[in-house]
Amino acid sequence: MFQDNPLLAQLKQQIQENLPKKEGSIKATDKGFGFLEVDSKTSFFVPPPYMKKCLHGDKVVAIIRTENEREVAEPQELLEPSLTRFIGRVKLFKGKLNVAPDHPQLKKQSLKARTAKGLNPEDFKEGDWVVAHLTRHPLKGDNGFFVEISKKITDADDKIAPWWVTLAENDLPNSEPDGIENWELKDDADLVREDLTSVPFVTIDGESTKDMDDALYAKKNADGSFSLTIAIADPTAYITPDDFMDKVARERGFTIYLPGRNIPMLPRDLADELCSLMEGQVRPTLCCSVTVSSDGVIGDDIRFFAANIESHGRLVYDHVSDWLETGHSDNWAPSDEVAQVVRDLFDFSRARANWRETNAVVFPDRPDYRFELSEDNDVIAIHADMRRTANRLVEESMITANICAGKALRNAFQTGVFNTHAGFKPEKMAEVVELVNQHGAPNATEETLSTVEGFAALRRWLGHQETTYLDNRIRKYQSYSEIGNQPLPHFAMGLDVYATWTSPIRKYGDMINHRMLKAMILNKEPVQTPDETVGEELALHRKHHKIAERNVGDWLYARTLAEEPAKATRFTGEIFDINRAGMRIRVMENGAAAFIPGALILDNKERIECNGDNGTISIDKEVVYQLGDTLEIVLTEVNQENRSIVAKPTQVFADAPKAEVAPEATLAAAEENTPEVKDA
């Protein structure tokens, strides 16, 4: 009788218009209800019936009303859907297509689906991975949710799913660009390439590397200085800014490096063959020569030029490291000529490293974690590779080359593609000064820390502290590294200018710098200059690549470590983040990230405090853990569906009455097995 009564509908609308409204994001739970999170401190309960109109992550406007003496939120207007294009898995209900989004809070949400035009619904099976697009939403006036499947990624049980799904999720290519039949040299008619084929350049790379893009030569002079020449592969000799392949490289931005495989920026026939600086093959290169003093100072005689070179030795990091560190390698016996070049390069690298340790910033050594895969994409092993002598030798050569390029581009054009870092965030500077002065940092003022020299001095001082606690705390106050077209300083490296050009096979920004350096050589206007958008463009590529790398790693870790909770294997974890719920640790043996909830340290919220601001975890107001600490842990849960790992310390604090806990019940007391501690 009242169902279609216009007066009743009008009255209902008037009541709703007079109710308060709030904007916020929907947070779903496993119980069917959810919350409207307005800000970090304010949220409203969303009952199950209202949750049927929205999805986890939706940004909505909701009316706030009181029901059963409780304030609840009813979503009314969709501001921004959490799903547009997304990755999901096929679910079949009575033969009908549905898609469950691949998201921890949405996996149980099966959405009705159909295939896009040209796709056969019969080709999709239970669990298949797909790309889908949300086409209907209840808050848009539609009758329920509906999605359209635009692409099948791979089958449900395909072991290559971690790579293909992650690449599709980030809208990244899963193969290298197609090459062309006949690559042609397209050098500027005025560009003269010097013949350096007789100079004994060497390449030093990983054993399986094919795209060798840098070759090195050094000679130690009578006065102890070094004459250094860096030769870099030159894809811009084959690709002009007007070529289609340049458009492809720009759209990709970088070679994509994922655990176990990479997706090249350029075609493999160019990157791995025609441009690769293979031993005994003449290759076109862009070169930089410079003199470096015996105490590591880069001279003013920086010279860029084009040349043809021929590598005299295809060397491998571990073989060279063995030879330099022990005087012998079972796998490599260099000729006298190559041996002398390697010795001089090594001496040069030590001089430069010493200079940077004293005057700039040297990053601490940390292992690189490498997945070894079988032919059918199972993880055979996870290796922790430390940087060795040869790695540092090449690193110092590349840093020197990029400093030279930064200076040359700044002097010639006042523009280029520069790597920059602005130091501390201006709004955090006062907190930084107060914090480091509390710990006795010398000469730390807002004025000094606003300079490259002052920032670098603080970083060097932090590097000499007994623990990494303060260093870890300070890092969250720092800016992010950026890419831009202005020659601004790189505070994090302690350098006044830095522009990479040493990886043009793998970085589009380096291709731009190559073209500008060639223009400088020819004293011409560059055929290509970076505008103000280049940094944002390249940074976006880099962000998606990093996310993809981390996501594939998380997937492989979950797959590889799935049986470890049952084995109670003991690992060492390093704390790299603390928040109010617990702490995140890096497993030192394999690089996996795991979360330790506060309740697995001490299941008593009244006694334990996880303080993200201070980077500490306290029990009864006594600090027991802090950022940078290492501890023995075991894994308690590995969730392969969500690709997450939960751990706990092997030694935890007993939940005894507070009066029975001595004030000295700290981490040190725990390690001494005091009565306040019990085994997990």
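Check the entry above for the structure.
Heads up: these notes are all about the structure in this document. (Residues numbered from 1 in each chain as written. Predicted model: local features only at pLDDT ≥ 70, side-chain atom pairs only at ≥ 80, totals over all residues. Heavy atoms only, no water.)

What about unusual backbone geometry?
Item 1. At Glu69, a position not held by glycine, the phi torsion is positive, near 60°.
Item 2. With respect to the secondary-structure elements, Glu69 resides in the loop between strand S4 (59-67) and strand S5 (70-80).
Item 3. The exposure class of Glu69 is exposed, given its relative accessible area of 82%.
Item 4. Phi is positive for Arg643, close to 55°, though the residue is something other than glycine.
Item 5. As for its placement among the helices and strands, Arg643 is situated in the loop between strand S30 (630-639) and strand S31 (644-649). (Helix = DSSP H or I, 4+ residues; strand = E, 2+ residues; numbered from the N terminus. Buried < 20%, exposed > 50% of the residue type's maximum accessible area, 1.4 Å probe, protein only.)

Side note on the environment of Glu574
Item 1. Relative to the helices and strands, Glu574 is located in strand S24 (residues 570-579).
Item 2. The class of Glu574 is buried, set by a relative accessible area of 11%.
Item 3. A sequence separation of 206 residues divides Glu574 from Asp368, and the C-alpha atoms of the two residues are 15 Å apart.
Item 4. Apart from the residues lying within four places of it in its own chain, the contact partners of Glu574 are Arg366, Thr468, Arg584, Ile585, Arg586, Met588, Gly628, Asp629 and Thr630.
Item 5. Within polar-contact distance, the side chain of Glu574 engages the side chain of Arg366 at 3.1 Å. (Contact = heavy atoms within 4.5 Å. Polar contact = N/O pair within 3.5 Å; in protein donor to acceptor, adjacent residues only side chain to side chain.)

Thoughts on the packing of helix H7 (residues 336-359) against helix H8 (residues 389-413)
Item 1. Between H7 and H8, the shortest axis-to-axis distance is 9 Å and the interhelical angle comes to 65°. Between H7 and H8, the angle is such that the two are roughly perpendicular. The handedness of the crossing between H7 and H8 comes out as left-handed. Where H7 abuts H8, its residues Val342, Leu345, Phe346, Phe348, Ser349, Arg352, Ala353 and Arg356 lie against Thr389, Arg392, Leu393, Glu395, Glu396, Ser397, Ile399, Thr400 and Ile403.
Item 2. Residue composition of the contact of H7 with H8, by class: eight nonpolar, four polar and five charged. (Axes fitted to C-alpha atoms, helices over the stretch in contact; angles between N-to-C directions. Parallel < 35°, antiparallel > 145°, perpendicular 65-115°, else oblique. Left-handed = near helix turned anticlockwise from the far one by under 90°. Nonpolar A, V, L, I, M, F, W, Y, C, P; charged D, E, K, R; others polar.)

Structural notes on the side chain of Asn513
Item 1. Relative to the assigned elements, Asn513 resides in helix H13 (residues 508-522).
Item 2. Among the residues examined, Asn513 registers a relative accessible area of 0% and is labelled buried.
Item 3. Polar side-chain contacts of Asn513 include one of 2.9 Å to the backbone nitrogen of Val417.
Item 4. When near neighbours in sequence (up to four residues on either side) are disregarded, Asn513 contacts Leu409, Gly416, Val417, Ala499, Thr500 and Trp501.

Describing the state of the cysteines
Item 1. Across all of its chains, the model carries zero disulfides by this definition.
Item 2. Lacking any disulfide linkage, Cys287 is separated from the closest cysteine sulfur, that of Cys288, by 8.8 Å.
Item 3. With relative accessibility at 0%, the residue Cys287 sits in the buried group. (Disulfide = S-S within 2.5 Å.)

Section: the sheet that holds strand S10 (residues 146-154)
Item 1. Strand order around the closed barrel formed by five strands is S6-S7-S8-S10-S9, with mixed pairing between neighbours. Adjacent strand axes in the sheet meet at a mean angle of 55°, parallel and antiparallel pairs treated alike. (Pairing = 2+ DSSP bridges.)

Quick look at the layout of surface pockets
Item 1. Here the second largest pocket is characterised by a volume of approximately 1600 Å³.
Item 2. When contributions to the lining of the second largest pocket are tallied by element, the ones reaching two or more residues are strand S1 (21-28), helix H2 (48-51), strand S6 (85-93), strand S8 (111-115), helix H3 (161-169) and helix H14 (534-560).
Item 3. Class assignment for the residues of the lining of the second largest pocket results in 17 nonpolar, 16 polar and 13 charged. (1 Å grid on protein atoms, 1.4 Å probe; cavity = no way out; pocket = protein on both sides within 12 Å on 5 of 7 lines; lining within 4 Å. Points joined across faces, edges and corners; volume = space filled by probe spheres on them.)

Re the environment of Gln281
Item 1. Structurally, Gln281 can be placed in the loop between helix H5 (268-274) and strand S17 (282-292).
Item 2. Relative accessible area serves as the criterion here: at 37%, Gln281 is assigned to the partly exposed category.
Item 3. Residues Gln281 and Glu310, 29 residues apart in the sequence, show an inter-C-alpha distance of 5.4 Å.
Item 4. With sequence-adjacent residues up to four places away left out, Gln281 is seen in contact with Ile309, Glu310 and Ser311.

Some points on helix H6 (residues 317-326)
Item 1. Inspection of H6 places His319, Val320, Ser321, Trp323 and Leu324 among the buried residues, and these make up the whole buried set.
Item 2. On the buried face of H6, the contacting elements are strand S12 (203-205), strand S19 (314-316), H7 and H8.
Item 3. Just downstream of H6 lies Gly327, where phi reads positive at about 85°.

Side note on the packing of aromatic side chains
The description of an aromatic ring pair rests on the distance of the ring centres and on the angle between the ring planes.
Item 1. Taken as a whole and assessed by the stated rule, the structure comprises eleven aromatic pairs.
Item 2. An angle of 45° between the planes, with centres 5.4 Å apart, marks the rings of Phe33 and Phe45 as tilted. Of this pair, Phe33 sits in the loop between S1 and strand S2 (34-37) while Phe45 sits in strand S3 (residues 43-46), and the two are twelve residues apart along the sequence.
Item 3. We classify Phe33 as partly exposed; its relative accessible area is 25%.
Item 4. Look at Phe45 and you get buried, because its relative accessible area is 15%.
Item 5. Site record: aromatic cluster; members linked through ring pairs are Phe33, Phe35 and Phe45.
Item 6. Against the face of Phe45 rests Arg70, its NZ or CZ located 3.9 Å from the ring centre.
Item 7. The positively charged end of Arg261 is found above the aromatic ring belonging to Trp163, 4.6 Å away from the centroid. (Phe/Tyr/Trp six-rings, centres within 6.5 Å; stacked < 30°, edge-to-face > 60°. Lys NZ or Arg CZ within 6 Å of the ring centre and 35° of its normal.)

Brief notes about the pattern of salt bridges
Item 1. According to the stated counting rule, one finds 45 salt bridges in the structure shown.
Item 2. For Asp378, the salt bridge identified is with Lys159, shortest N-O distance 2.8 Å. With Asp378 in the loop between strand S20 (368-373) and strand S21 (379-385) and Lys159 in the loop between S10 and H3, this pair connects stretches of sequence that are 219 residues apart.
Item 3. For Asp378, a relative accessible area of 28% gives the class partly exposed.
Item 4. In this structure, Asp187 and Arg193 form a salt bridge, with 2.7 Å as the shortest nitrogen-oxygen distance. (Salt bridge = Lys/Arg side-chain N within 4 Å of Asp/Glu carboxyl O.)

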